[in-house]
Amino acid sequence: MIPSDYETVDVKRATVTLEDGVRTPGEPVHVGSLGMLVAPGSYEREDEVGRRTVTVGADLYRRGHLPFDIRAGDLLLMRGRLLTVTRTPEEWRRGDRVIGVQLHAEEGRSVI
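Residues numbered from 1 in each chain as written. Predicted model: local features only at pLDDT ≥ 70, side-chain atom pairs only at ≥ 80, totals over all residues. Heavy atoms only, no water.

## Notes on the side chain of His-104
Worth spelling out the cut-off: Secondary structure elements follow DSSP: runs of H or I of four or more residues count as helices, runs of E of two or more count as strands, with numbering from the N terminus. Each residue is assigned to one of three classes by its accessible area relative to the maximum for its type, calculated with a 1.4 Å probe on protein chains only: buried under 20%, partly exposed between the two thresholds, exposed over 50%. What qualifies as a polar contact is a pair of N or O atoms within 3.5 Å, subject to a donor-acceptor requirement within protein and to the restriction that residues adjacent in sequence count only when both atoms come from side chains. In what follows, a contact means two residues having at least one pair of non-hydrogen atoms within 4.5 Å.
By the element assignment, His-104 lies in strand S7 (residues 97-111). Overall, His-104 belongs to the buried group, its relative accessible area being 5%. In this structure the side chain of His-104 is engaged in a polar contact, spanning 2.8 Å, whose partner is the side chain of Glu-106. Residue contacts for His-104: discarding those within four places in its chain leaves Tyr-43, Ala-58, Asp-59, Thr-84, Val-85, Thr-86 and Arg-87.

Okay, here's the thing in structure tokens:
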């Protein structure tokens, strides 16, 4: 059961096929659903040539372990938006015990 303060997040992973030595992404496959605390945000970055980019994304938190493996590049469907996990999930530990997990996911970017 998902706690009432958590939001349901669907996780999808793109299948990859090799065609003539070239990796081709296929249709995303549903991996599972889980409950997470969601902290939406927008992030502004500046690249080497001075372009500023605004990205919409979210930090997601969960107590304890993840019930299944989530990797950078996986797709998250939450609040009607499709976000991409941009970093490997971070585990919070107290000694040997995992007390929580944090994910960071972002949507497409807009150049200013």
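Next comes the rest of the description.
## Focus: the pairing of strand S3 (residues 52-63)
Short version of the rule: Any two strands between which DSSP finds at least two bridges are classified as paired.
Bridge count for strand S2 (residues 22-46) against S3 is ten bridges, and the pairing is antiparallel. Within S3, the residue paired with Ala-39 across the bridge is Asp-59. Linking S2 to S3, which pair antiparallel, is a turn of five residues; within it Gly-50 sits at a positive phi near 95 degrees.

## Notes on the packing of aromatic side chains
The line we're drawing: The rule is short: rings of Phe, Tyr and Trp, with Trp giving its six-membered ring, pair when the centres are within 6.5 Å, and they are stacked under 30 degrees, edge-to-face over 60, tilted in between.
Inspection of every chain in the model, using the stated rule, returns one aromatic pair. Centre to centre, the rings of Tyr-61 and Trp-92 are 5.7 Å apart; their planes meet at 40 degrees, and the pair counts as tilted. Residue Tyr-61 is located in strand S3, and its partner Trp-92 is located in strand S6 (residues 90-94); the two are separated by 31 residues in the primary sequence.

## A few points about the pattern of salt bridges
To keep things clear, this is the line we draw: Any Lys or Arg side-chain nitrogen found within 4 Å of a carboxyl oxygen on Asp or Glu counts as a salt bridge.
Tallied over the entire structure, the rule returns six salt bridges. A salt bridge links Asp-74 to Arg-13, with the shortest nitrogen-to-oxygen separation between them at 2.8 Å. Remark: Arg-13 occurs in strand S1 (residues 7-19) and Asp-74 occurs in the loop between S3 and strand S4 (75-78); sequence separation between them is 61 residues. Of the two residues examined, Asp-74 and Arg-13, each falls in the buried class. The shortest N-O distance in the salt bridge between Glu-107 and Arg-81 comes to 2.9 Å. Here Glu-107 is found in strand S7, whereas its partner Arg-81 is found in strand S5 (residues 81-85), with 26 residues between them in sequence. Overall, the relative accessible area of 40% leaves Arg-81 in the partly exposed class.

## Points about the environment of Glu-46
Mapped onto the elements, Glu-46 comes out in strand S2. Accessibility expressed as a relative area gives 57% for Glu-46, which makes it exposed. Once the C-alpha coordinates of Glu-46 and Thr-88 are considered, the two residues, 42 residues apart in sequence, prove to be 23 Å apart. Those residues within four positions of Glu-46 in sequence are excluded, and the remaining contacts are Arg-51 and Arg-52.

## Points about the side chain of Asp-74
On the basis of relative accessible area, Asp-74 is assigned to the buried category, the value being 3%. Polar side-chain contacts of Asp-74 include one of 2.8 Å to the side chain of Arg-13. Polar side-chain contacts of Asp-74 include one of 3.0 Å to the backbone nitrogen of Arg-71. Other than its neighbours up to four places away in sequence, Asp-74 contacts Val-11, Lys-12, Arg-13, Asp-69, Leu-83, Thr-84 and Val-85.

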